[in-house]
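Now for the letters of each chain:
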Amino acid sequence: MTPVLGEVWVYLSTTPLLGLTLTLLAYQAALWLYRRANHHPLLNPVMLAVVMLVLVLSVTDTPYGTYFDGAQFVHFLLGPATVALAIPLHAQWGRLRSMLVPLLATLVAGSLTAALTAVGIAALLGASRESMMSLAPKSVTTPIAMGVAERLGGLPSLTAVLVICTGILGAICARYVYGMLRIDDHAVRGFAIGIASHGIGTARAFQVSEQAGAFAALGMGLNGLLTAASLPWVLPWLERLIG
C-alpha cells in the first residue's frame, strides 16, 4: 500500500464511512462484473462482494467490528427492504389466490425437506449435535435462522455462514435445475427459490421478472414463519428416530 493510500485508509478506518464505503464499492464492482458476464450465475454479485470484502479486511488487518460500524447502515435497510417486498406481491394477488393450495403444499414440503435432509445427511456423516442444529435452519433468512439455531442449541455464527452459502448456491444453481426439470412458470420458479434460498435467491428472482421476485418474497417470508414454528417440535422427533 502506497503512503498516500495508507493515509487515506487510516483516516477512513477511524470513521463509520469505512464499512459503508467498502460495502458499496465492493457490490458495485461485483455487479459490474456480473453484468459484463451477461448475468452468468457463477459470478453472483453477492458472492463476489463477500470475497472482495474478506480480502480487503484480511490484507489491511481491519477488525470486523470496525468494518461493521459503517456497514450497519446497510444492515438497517434490510428491514424496510423486506417490508417493501409486499408491493410487488400485491400486484400478483389474483395469481396468488388461484395458486393458494399448491403454494401451501409446496411450502410445507419444501420447508421440511430443507431442514430434515440437512440434519439427516449431517447425522450420517457424524456431525455433532451443535453442527446439526446450526445447519437445520439454513434455508431461512439470516435473522430468523440465527434465532432458531440459538433456540435449538446450535451456533448462530455458524448458521449465518451456512445461510449465506445456501443462498449463493441456490442463486447459482437454480437456473440449471429449472432448465433440467423444464419449469418455465416464473411464479413457480420464484416461490421455490424463495423457500430454498431466502433473500439472496429472492434478489436473483427479481432479476428474472417482477412476478418471480414477488413469489420468491412470499416463499421466503412464509418459510421463515413455518421453520421458526415447526423445527423446535420436529427436530426432537428426528433426533429420537436417528438415535
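Because the structure is a prediction, the values reported are computed rather than measured.

J.: Any chance you could explain unusual backbone geometry here in plain terms?
T.: Trans is the prevailing form of peptide bonds, just as negative phi is the prevailing case for residues other than glycine. Its identity as a non-glycine residue notwithstanding, Arg-182 has a phi of 55°, on the positive side. Relative to the helices and strands, Arg-182 is located in the loop between helix H11 (156–181) and helix H12 (186–208). Take Arg-182: its relative accessible area is 73%, and that puts it in the exposed class.

J.: Hey, could you run me through the environment of His-39 in this one?
T.: One can find His-39 in the loop between helix H2 (17–36) and helix H3 (45–60). A relative accessible area of 34% places His-39 in the partly exposed class. Sequence separation between His-39 and Gln-207 is 168 residues, and the spatial gap between their C-alpha atoms is 9.2 Å. With residues up to four places along the chain from it excluded, the contact list for His-39 reads Tyr-34, Arg-175 and Arg-204.

J.: Explanation requested: the side chain of Asn-223 in the structure shown.
T.: Relative to the elements of secondary structure, Asn-223 occurs in helix H13 (residues 210–242). In contact with Asn-223, not counting residues within four places along its chain, are Leu-107, Ser-111, Ser-139, Val-140 and Ile-195.

J.: Would you mind going over the UniProt feature "transmembrane region" (unreviewed entry) in the protein with me for this structure?
T.: Using the residue numbers shown here, the UniProt feature "transmembrane region" (unreviewed entry) corresponds to residues 12–34, 41–60, 72–91, 103–125, 158–178 and 212–235. Span residues 72–91 is 90% helix and 0% strand, its end C-alpha atoms 31 Å apart. In the segment residues 158–178, helix accounts for 100% and strand for 0%; the C-alpha atoms at its two ends are 29 Å apart.

J.: Explain the domain arrangement of the protein to me, please; I cannot follow it from the model alone.
T.: Split into domains, the protein comes out as domain 1 (3–76) and domain 2 (83–242). Here the C-alpha centre of domain 2 lies 27 Å away from the C-alpha centre of domain 1. Facing the 8 residues of domain 1 at the interface are 8 residues of domain 2. Taking both sides of the interface into account, the surface hidden between domain 1 and domain 2 amounts to around 770 Å²; carbon and sulfur atoms contribute 65%. It is Tyr-34, Pro-41 and Asn-44 in domain 1 that bury the most area against domain 2; as a group they hold 52% of the surface buried on that side. Linking domain 1 to domain 2 there are 0 salt bridges. Looking at the side of domain 1 that touches domain 2, its residues break down into 5 nonpolar, 3 polar and no charged.

J.: Looking at this structure, how should I read the nonpolar core?
T.: Considering soluble globular proteins, one finds that nonpolar side chains tend to be buried as a cluster. Listed in full, the 12 residues of the largest apolar core are Ala-115, Ala-118, Val-119, Ala-122, Met-132, Met-133, Leu-135, Ala-136, Val-148, Leu-152, Leu-231 and Leu-235. Secondary structure elements with two or more residues in this core: helix H8 (100–124), helix H9 (129–135), helix H10 (142–152) and H13. At 4 residues, the largest contribution of residues to this core is made by H8. Excluding residues within four positions of it along the chain, Leu-235 makes contact with Leu-116, Val-119, Met-133, Ala-136 and Leu-152.

J.: Would you take a moment to explain helix H4 (residues 64–76) for this structure?
T.: Turn by turn, an α-helix covers 3.6 residues, leaving residues three or four places apart pointing in a common direction. Taking 1.5 Å per residue as the helical rise, H4 with its 13 residues ought to reach 18 Å, and the 17 Å between its terminal C-alpha atoms agrees with that figure. When the local axis directions of H4 are compared, the greatest deviation, roughly 50°, occurs at Gly-70. Those residues of H4 not exposed but buried are Tyr-67, Gly-70 and Ala-71. The inward-facing, buried residues of H4 abut H2 and H3.

Parameters at a glance
- Every chain is numbered independently, its residues counted from 1 as its sequence is written.
- In view of the model being predicted, local features appear only for residues whose pLDDT reaches at least 70, and side-chain atom pairs are presented and counted only at 80 or more, with totals across whole chains, interfaces and linings using the full set of residues.
- Excluding hydrogens and water, the side-chain figures rest on all heavy atoms present in the structure.
- Each helix corresponds to a stretch of at least 4 residues labelled H or I by DSSP, and each strand to a stretch of at least 2 residues labelled E; elements are numbered beginning at the N terminus.
- The buried label goes to any residue with under 20% of its type's maximum accessible area, the exposed label to any with over 50%, and the partly exposed label to all in between, with areas taken from a 1.4 Å probe on protein chains only.
- Residues are treated as being in contact if the distance between any of their heavy atoms lies within 4.5 Å.
- UniProt positions are given in the numbering used here, feature names are shortened, and annotations may be inferred rather than shown by experiment.
- What marks off one domain from the next here is an automatic or database domain assignment.
- Defined here as a combined quantity, buried area equals the accessible surface (1.4 Å probe) lost by two parts on assembly, summed across both.
- Any Lys or Arg side-chain nitrogen located within 4 Å of an Asp or Glu carboxyl oxygen qualifies as a salt bridge.
- Three residue categories are used. Nonpolar comprises Ala, Val, Leu, Ile, Met, Phe, Trp, Tyr, Cys and Pro, charged comprises Asp, Glu, Lys and Arg, and polar comprises the others, including Gly.
- We define a nonpolar core as any set of buried Ala, Val, Leu, Ile, Met, Phe, Trp, Tyr and Cys residues linked to one another through side-chain atoms lying within 4.5 Å.
- Helix span is expected to be 1.5 Å times the residue number reduced by one.
- Fitting axes to the seven residues that end at a residue and to the seven that start at it, the angle between those axes gives the bend at that residue.

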